[in-house]
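Inside the fold
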Amino acid sequence: MAISHETLKAMIRDYQGFALSDDELELIWPELDIYLQAIEKLQELDLSAVFSSRLLRVQEGGQA
Amino acid sequence: MAATELLTLTIAELAPQIRARQISPVELTEAALAQAERLQPRLGSFITILHDAARQQAREQEAALMRGEYHGPLHGIPIGIKDNIATAGIRTTVGSKVLAQHVPAEDAEVVRRCKAAGAIIVGKENLEEFAAGPTSNNPHYGAVHNPWQLDCVPGGSSGGSGANVAACVTCASLGTDLGGSVRLPGTFCGVVGLKQTFGRVSQRGLLVTSFNGDHIGPLTRSVRDSALMLQVIAGYDPLEPSTVPVPVDDYMARLGQAVRGLKMGMPTDHYFELLDPEVETAVRQAIAALEALGVELREVSLPMMQYVGALRITGMADSVITHEPYLAEHRQDYGPDVLYRTLAGQFVLARDYSKAMKVQRLIKEEHARVLQEVDVLVTPTAPVPAPPIAAKTVTLGGTAYPVRGPGSGIISKNTSPSNATGLPAITVPCGFTVAGLPIGLQLIGRPFEEALLFQVAHAYETVSPARGRRPEVVQG
């Protein structure tokens, strides 16, 4: 997965982020790449049934 | 007894002699300060050495002994404190230029507890900038050097703490662990490093980078000393909501008890993948040694660990939020490794953060299930021995992985999961490479069962091929 510099710069601009030049975006890329790979990997995992422990207790018959 | 000989003793060996007034806290502190001064040019392990304050504390503790007061096993013991843990009136830089002049008004809770127990604080220890990396090659305060091989890293981020304990400068040090930052210096420096259960020790006074996995933990030269240190720092802190009001066990109670019949789990997923061959051999030999002591070995499966990469996402976002006020005003004062690793976190989407929390939940549940079948998990602490300070990458399985900065993380692959699960984990020296670098065995236990973890670690320590070895810099 890849995200263009233009998209990243638009995110920074629209969400009041920390400005990064093209060279700096290259420097952060290895970190961003790991993030994107992890998210891509999660596409194969069904997370819809994962709840917090509080919800699990409710399902088990505890007080809501 | 010669000064350096004194310093090689463990806390458990020193304490009864201090109590019996055979060893003076003043004499011991002077020896520690002399060792610190002698080795600082070679190790770079301190940011601040506290000559005057340590001498004053030592005199006070000696006077207390003379009055018949004894505050416990840490009475008169020289320790070090990582420089991201607050010390009242003493600058606490967090290894950064940004906070170079930061002087806290109050001690961190762990520092207060150690002082109340009679410990002498000899210095604030060097670390990775903002405790964010595994090398302790600090761009502002210099690289920390590994006492076993000075051109190698000591691990990080608590590198100064690991180096000081290994080089017998301090008898123990308090480090902090967000992804392995106590256990990695433990394994690279050949000492014992503990990250206890999340919530067992107060983090009040620590510059917390993530609300989800920071811990303060001890580095020591023996498992018994680790138990002694935890006994002092563990406990509920009503002013620190992450601590849990669970009674504190007697951590010495199970030391020396037989381990026959206990069960250890060797994960078939993640932890034994991508290992340096010498590390794998030493750890498998350690597991065989535990079997010889009567611990039953079972293979255990943790398939959710294939998604462990997602755990990093929460840390990325937490980090940029922690640094937000500093980045706004002092961006130019950051070193590039931490700066660009941190700034990547601003692109993490909230939906992905939430997914990562769900993955964390799954991994926690899976570890909890497995730890109903076995008493401890056994893994290598780090996949590699200490890399050279100059190394930018380590190669495993034919792939070069960055050691520090953006995209790094291979060194902490086996330690960081326990920060997400909150489970207690300890590293114990289990051997050396042919080149003479230490290797560590990691034991992971059930929540709040540190006493059991100490029991197994202590039993292994008595048969470890690493026992009794010290780096040459201790004497030379």
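Conventions we followed
Residues numbered from 1 in each chain as written. Chains lettered and ligands numbered in written order. Predicted model: local features only at pLDDT ≥ 70, side-chain atom pairs only at ≥ 80, totals over all residues. Helix = DSSP H or I, 4+ residues; strand = E, 2+ residues; numbered from the N terminus. Rg over C-alpha atoms; globule rule 2.2 N^0.38 Å. Buried ≥ 20, exposed ≤ 12 C-beta atoms within 10 Å, placed from the backbone. Contact = placed C-beta atoms within 7 Å. Pairing = 2+ DSSP bridges. Axes fitted to C-alpha atoms, helices over the stretch in contact; angles between N-to-C directions. Core = buried A, V, L, I, M, F, W, Y, C linked by C-beta atoms within 7 Å. Parallel < 35°, antiparallel > 145°, perpendicular 65-115°, else oblique. Nonpolar A, V, L, I, M, F, W, Y, C, P; charged D, E, K, R; others polar. pLDDT = per-residue confidence, 0-100.

**Some thoughts on the overall build of chain B**
Secondary structure assignment for chain B yields 14 helices and 15 strands. Rg of the C-alpha trace for chain B: 21 Å, near the compact-globule value of 23 Å for 476 residues, within the 12% margin. With the C-alpha coordinates of chain B rotated into their principal frame, the extents come out at 60 × 60 × 45 Å. Counting only residues that meet the buried cut, chain B has 62% of its 476 residues in that class. Within chain B, residue pairs in contact and separated by at least 24 positions form 78% of the contacts whose partners lie at least 6 positions apart.

**Remarks on the sheet that holds strand β11 (residues 376-380) of chain B**
All names here are of chain B. Spatially, 11 strands are ordered β1-β3-β2-β6-β8-β7-β14-β15-β11-β9-β10 in an open sheet, and the strand pairing comes out mixed. Lying at the two open borders of the sheet, with one neighbouring strand each, are β1 (46-49) and β10 (296-300). For this sheet the average axis-to-axis angle between neighbouring strands, irrespective of direction, equals 30°. Looking at chain direction, strand β2 (residues 78-82) and strand β3 (residues 120-125) are connected through five bridges and run parallel. From the neighbouring strand, Ile79 faces β3, where its bridge partner is Ile121.

**Thoughts on the nonpolar core**
Residue and element names in this part refer to chain B. If you look at the biggest cluster of nonpolar residues, it comprises 149 residues, and the most contacted ones within it are Ile79, Leu443 and Val456. When residues of this core are assigned to their parent elements, the largest contribution, eight residues, is made by helix α14 (residues 450-461). Sequence-distant contacts of Ile79, defined by excluding residues within four places in its chain, comprise Cys114, Ala119, Ile120, Ile121, Thr170, Cys171, Ala172, Ser173 and Leu174.

**A word on the environment of Leu219 of chain B**
Mapped onto the elements of the fold, Leu219 of chain B is located in strand β8 (residues 215-220). With 34 C-beta atoms counted inside 10 Å, the residue Leu219 of chain B sits in the buried group.

**With respect to the packing of helix α2 (residues 22-42) of chain A against helix α11 (residues 336-343) of chain B**
The interhelical angle for the contact between α2 of chain A and α11 of chain B, taken along N-to-C directions, is 75°, at an axis separation of 8 Å. Overall, the two elements α2 of chain A and α11 of chain B adopt an arrangement that is roughly perpendicular. Across the interface between the two elements, Glu24, Leu27, Ile28 and Glu31 of chain A from α2 of chain A touch Tyr340, Arg341 and Leu343 of chain B from α11 of chain B. Looking at side-chain class alone, the contact of α2 of chain A with α11 of chain B contains four nonpolar, no polar and three charged residues.

**Remarks on the interface of chain B and chain A**
On the side of chain A, 22 residues touch chain B, which itself brings 23 residues to the contact. Elements with a minimum of two residues in the side of chain B that touches chain A: α10 (311-330), α11 and α12 (350-373) of chain B. Looking at which element gives the most residues to the side of chain B that touches chain A, the answer is α12 of chain B, with six residues. When the residues that make up the side of chain B that touches chain A are grouped by side-chain class, the tally is 14 nonpolar, three polar and six charged.

**What about the confidence of the model for chain B?**
Per-residue confidence for chain B averages 97 on the pLDDT scale, and 100% of its residues sit at or above 70. Confidence estimates for the predicted assembly give a pTM of 0.96 and an ipTM of 0.90.

**Notes on unusual backbone geometry**
All names here are of chain B. Following Gly156, the chain continues to Ser157 via a peptide bond in cis, the omega torsion being 15°. Relative to the assigned elements, Ser157 resides in the loop between β5 (142-143) and α6 (159-166). At Val94, a residue that is not glycine, the phi angle is positive and equals roughly 55°. Residue Val94 is classed as buried on the basis of its 26 C-beta neighbours within 10 Å. Even without being a glycine, His270 presents a positive backbone phi close to 70°.

**Some thoughts on the environment of Gly180 of chain B**
Residues and elements named next belong to chain B. With respect to the helices and strands, Gly180 occurs in the loop between β6 (172-177) and α7 (183-189). A residue is classified by how many C-beta atoms lie within 10 Å of it, and Gly180, with 31 of them, is buried. Here the alpha-carbon distance between Gly180 and His215, two residues 35 residues apart in the chain, equals 9.6 Å. When sequence neighbours within four positions are dropped, the list of residues in contact with Gly180 reads Pro134, Ser412, Thr415 and Ser416.

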